[in-house]
Amino acid sequence: MKTIPYGRQHITEEDISAVADVLRSDFLTQGPKVHEFEEKFAQYIGSRYAVAVSNGTAALHLCAMALEVNDTSKVITTPITFAASSNCIRYCGGEVHFADIDPETMLLDLDKARSLLETHPKNTFSGIVPVDFSGHPVDMEAFRQLADEHNLWIIEDACHAPGGYFTDSAGQQQNCGNGKYADLAIFSFHPVKHIACGEGGMITTNRQDLYDKLLFLRTHGITKDPHLVKDSHGGWYYDMIDLGYNYRLTDMQSALGISQLSRADEGLQRRRVIANRYDEAFNGSHIRTLSAKKGMGHAYHLYVILTDNRKELYDFLKEWGIYAQVHYIPTHLLSYYRQLGWKEGDLPRAENYYSRCLSLPMYPSMTDQEQTFVIEKVLEKSQ
Ligand SMILES: *Cc1c(COP(=O)(O)O)cnc(C)c1O
């Protein structure tokens, strides 16, 4: 039986030859493809700068480092995301404060974040990490306003939302991760995401000071930039000005990313068609869908339904070769975060969402027949 995963990459012959060309070239890493990918990605998203890194988690870690998160930092984020969104704060020794979610969109709730800020003394918190969960864009203008009132930086985890946008108060479409409101934004190129590099990540920003830092942090803290290196012993000379990491992306991965990026809009259109068809199919059934709010360009990394018999439905679909998934187990209930003091009951909306959520197959290469089969099986178990 052919199985249907919840998400998967779409690789074409063009992608394969783009990677093969790099293998025949002079540079497997640190060659021209990395910069080309960064330029094209920045252009696609509409940000001033882009920095390619080895994966989305490395992107988050470097963002936290660039913003100088340390063991005195307290940072707010959502529990309904992949654990990396909060782990990056822990890597730098900071304290994570989860705020509950909006019961409509399941994104970090602006009012819950605000009340967390207002019930602590001024300047308790240093930053906030909103996530464009499932591909539903965060209203970043509203978060920027809140952040400015409390002197916070923003890292936008946009892993689910390349090509997504929200509409700002002036009626303008603002792409997720375009750097207009968030200080930094990050993307992942894991094969289940919109653009596949195998492993890969990108940081976007409009701030030159952060861009300059990210460039040396991703390569050990080493630089040859004459503005940053004081003396020179000759052409070979470099300095290590901070403790960085090797978080570089290779040219092979970048070539795959460039080739994938050229089809990103096509893939996004297909995701929206699939989402519309699910919406229509479940309309009037017991299945609750999470539809996009007005003015939101949903990027549909995930198609999430809410159902009271989630476990039965999950098991039933699996028997038929349909591998639905759960996104996410609330981060605060993972053992590591429980050890830090979080427990059941702390975030009731997130916990309620988790008890009922299921992500149905959503990827551009899913055929109409496959989707018909998924819909039939979901409805069969949900009447
Ligand atoms: C995938 C993902 C990450 C991590 O990306 P990797 O490339 O797998 O390290 C972080 N945040 C979110 C929301 C993700 O979906």
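Residues numbered from 1 in each chain as written. Predicted model: local features only at pLDDT ≥ 70, side-chain atom pairs only at ≥ 80, totals over all residues. Heavy atoms only, no water.

Notes on the layout of surface pockets
Part 1 of the argument: Quantified by volume, the largest pocket comes out at close to 370 Å³.
Part 2 of the argument: As for the largest pocket, its lining consists of 24 residues, and the residues nearest its centre are Thr57, Phe82, Ser188, His190 and Lys193.
Part 3 of the argument: Those elements giving two or more residues to the lining of the largest pocket turn out to be helix H3 (56–66), helix H4 (84–91) and strand S8 (184–188).
Part 4 of the argument: Looking at the lining of the largest pocket element by element, the count peaks at three residues for H3.
Part 5 of the argument: Residues that form the lining of the largest pocket fall into these classes: 10 nonpolar, 11 polar and three charged. (1 Å grid on protein atoms, 1.4 Å probe; cavity = no way out; pocket = protein on both sides within 12 Å on 5 of 7 lines; lining within 4 Å. Points joined across faces, edges and corners; volume = space filled by probe spheres on them. Helix = DSSP H or I, 4+ residues; strand = E, 2+ residues; numbered from the N terminus. Nonpolar A, V, L, I, M, F, W, Y, C, P; charged D, E, K, R; others polar.)

What to know about the packing of helix H10 (residues 310–319) against helix H13 (residues 368–380)
Part 1 of the argument: Interhelical geometry of H10 versus H13 gives an angle of 140 degrees and a closest axis separation of 10 Å. With respect to H13, the element H10 is oriented oblique. In the crossing of H10 with H13, the sense of the turn from one axis to the other is right-handed. On H13, the residues that touch Leu313, Phe316 and Leu317 of H10 are Lys377, Val378 and Glu380.
Part 2 of the argument: Partitioning the contact of H10 with H13 into residue classes produces four nonpolar, no polar and two charged. (Axes fitted to C-alpha atoms, helices over the stretch in contact; angles between N-to-C directions. Parallel < 35°, antiparallel > 145°, perpendicular 65-115°, else oblique. Left-handed = near helix turned anticlockwise from the far one by under 90°. Contact = heavy atoms within 4.5 Å.)

Some remarks on the site of the ligand
Part 1 of the argument: Around the ligand, the structure places 15 residues, and the nearest of them are Gly56, Thr57, Asp157, Ser188 and Lys193.
Part 2 of the argument: In the environment of the ligand, an oxygen atom lies 2.9 Å from a nitrogen or oxygen atom belonging to the side chain of lysine 193.
Part 3 of the argument: When the ligand is considered free in solution it has 380 Å² of accessible area, and contact with the protein chains removes 92% of it.
Part 4 of the argument: Counting atoms within 2 Å of the grid points, the majority share of the ligand lands in the largest pocket.
Part 5 of the argument: Of all the elements in the fold, those that place two or more residues in the shell around the ligand are H3 and H4.
Part 6 of the argument: Sort the elements by how many residues they give to the shell around the ligand and H3 lands first, with three residues. (Near = heavy atom within 4 Å. Polar contact = N/O pair within 3.5 Å; in protein donor to acceptor, adjacent residues only side chain to side chain. Areas by Shrake-Rupley, 256 points an atom, 1.4 Å probe, with all protein chains shown as cover. Sits in = over half its atoms within 2 Å of the grid points.)

Quick word on unusual backbone geometry
Part 1 of the argument: In this model, histidine 327 is joined to tyrosine 328 through a cis peptide bond whose omega is 0 degrees.
Part 2 of the argument: With respect to the secondary-structure elements, tyrosine 328 resides in the loop between H10 and helix H11 (335–339).
Part 3 of the argument: Unusually for a residue other than glycine, glutamine 30 sits at a positive phi of about 55 degrees.

Here we look at the pairing of strand S3 (residues 95–98)
Part 1 of the argument: Where strand S2 (residues 74–77) and S3 come together, four bridges link them in parallel fashion. Bridge pairing in S3 places valine 75 opposite valine 96.
Part 2 of the argument: Handedness of the crossover joining S2 and S3 through H4: right-handed. (Pairing = 2+ DSSP bridges. Right-handed = clockwise from strand over helix to strand, strands pointing away.)

Re the domain arrangement of the chain
Part 1 of the argument: By the assigned domains, the chain splits into domain 1 (4–99 + 106–261) and domain 2 (264–382).
Part 2 of the argument: Contact with domain 1, which involves 44 residues of that partner, is made by 50 residues of domain 2.
Part 3 of the argument: Buried surface at the junction of domain 1 and domain 2, both sides included, amounts to about 3,600 Å², of which 64% is carbon and sulfur.
Part 4 of the argument: One can count one salt bridge joining domain 1 with domain 2.
Part 5 of the argument: For the salt bridge of aspartate 109 with arginine 349, the shortest nitrogen-to-oxygen distance reads 3.2 Å.
Part 6 of the argument: For the pair domain 1 and domain 2, the number of links is 21 residue pairs in polar contact (both at pLDDT 80 or more).
Part 7 of the argument: For the side of domain 1 that touches domain 2, the secondary-structure elements that each account for two or more residues are H4, S3, strand S6 (165–167) and helix H8 (251–261).
Part 8 of the argument: Each residue belonging to the side of domain 1 that touches domain 2 can be placed in one class, and the counts come to 21 nonpolar, 17 polar and six charged. (Domains from an automatic or database assignment. Buried area = accessible area lost by both parts, 1.4 Å probe. Salt bridge = Lys/Arg side-chain N within 4 Å of Asp/Glu carboxyl O.)

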